[in-house]
Amino acid sequence: MSANDDQVGGTHYKSQEIQHWDLVEYNGIPYMEAQIIKYVMRHQDKNGKEDLLKAGHFLQKLIELRY
């Protein structure tokens, strides 16, 4: 069994055509950017506006760190 087949705590990633962790791993996306993508990808299937606010929070921190 693949880890993709056994999601703990819901189905918000299993409903995606490409799961977040596969996208991140395949493309070598750094942690902060990966978190932003994660929350944007799942917001419609999990926490709605809260996930978009979380993505914005990570984006704010990424801007502080880089610029």
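Let us look at the packing of aromatic side chains. Evaluation of the coordinates by the stated rule reveals two aromatic pairs. Ring geometry for Tyr31 against Phe58: centres 6.3 Å apart, planes inclined by 70 degrees, an arrangement best described as edge-to-face. Here Tyr31, found in helix α2 (residues 31-42), pairs with Phe58, found in helix α3 (residues 49-66); they are 27 residues apart in sequence, far enough to count as distant. Given a relative accessible area of 55%, Tyr31 falls into the exposed group. Taken together, the aromatic side chains of Tyr31, Tyr39 and Phe58 make up a single cluster linked through ring pairs.

Side-chain pairing between opposite charges can occur once the charged atoms of the two side chains come close. What the rule picks out here adds up to three salt bridges. We note a salt bridge from Asp51 to Arg42, for which the minimum N-O separation is 2.8 Å. Arg42 matches Asp51 in its accessibility class, with the two residues each being buried. Here Lys61 makes a salt bridge to Glu64, at a shortest N to O gap of 3.8 Å. Of this pair, Lys61 and Glu64 both sit in helix α3, separated by three residues, roughly a single helical turn. Take Lys61: its relative accessible area is 39%, and that puts it in the partly exposed class.

We now examine the side chain of Asp51. Examined against the element boundaries, Asp51 turns out to sit in helix α3. Residue class for Asp51 comes out buried when judged on its relative accessible area of 0%. For Asp51, the residues in contact, after removing those within four places along its chain, are Tyr39, Arg42, His43 and Lys46.

The subject of this paragraph is the packing of helix α1 (residues 20-27) against α2. Where α1 contacts α2, the two axes come as close as 10 Å, and the packing angle between them is 150 degrees. Of the possible angle classes, the one that applies to α1 and α2 is roughly antiparallel. Once α1 is placed against α2, the crossing between them reads as right-handed. Contacts between α1 and α2 involve His20, Leu23 and Val24 on the former and, on the latter, Ala34, Ile37, Lys38 and Met41. Its residues assigned to classes, the contact of α1 with α2 comprises five nonpolar, one polar and one charged.

Procedures and definitions
- Residues numbered from 1 in each chain as written.
- Predicted model: local features only at pLDDT ≥ 70, side-chain atom pairs only at ≥ 80, totals over all residues.
- Heavy atoms only, no water.
- Phe/Tyr/Trp six-rings, centres within 6.5 Å; stacked < 30°, edge-to-face > 60°.
- Helix = DSSP H or I, 4+ residues; strand = E, 2+ residues; numbered from the N terminus.
- Buried < 20%, exposed > 50% of the residue type's maximum accessible area, 1.4 Å probe, protein only.
- Salt bridge = Lys/Arg side-chain N within 4 Å of Asp/Glu carboxyl O.
- Contact = heavy atoms within 4.5 Å.
- Axes fitted to C-alpha atoms, helices over the stretch in contact; angles between N-to-C directions.
- Parallel < 35°, antiparallel > 145°, perpendicular 65-115°, else oblique.
- Left-handed = near helix turned anticlockwise from the far one by under 90°.
- Nonpolar A, V, L, I, M, F, W, Y, C, P; charged D, E, K, R; others polar.

In short, shape yes, function no, at least from these values alone.
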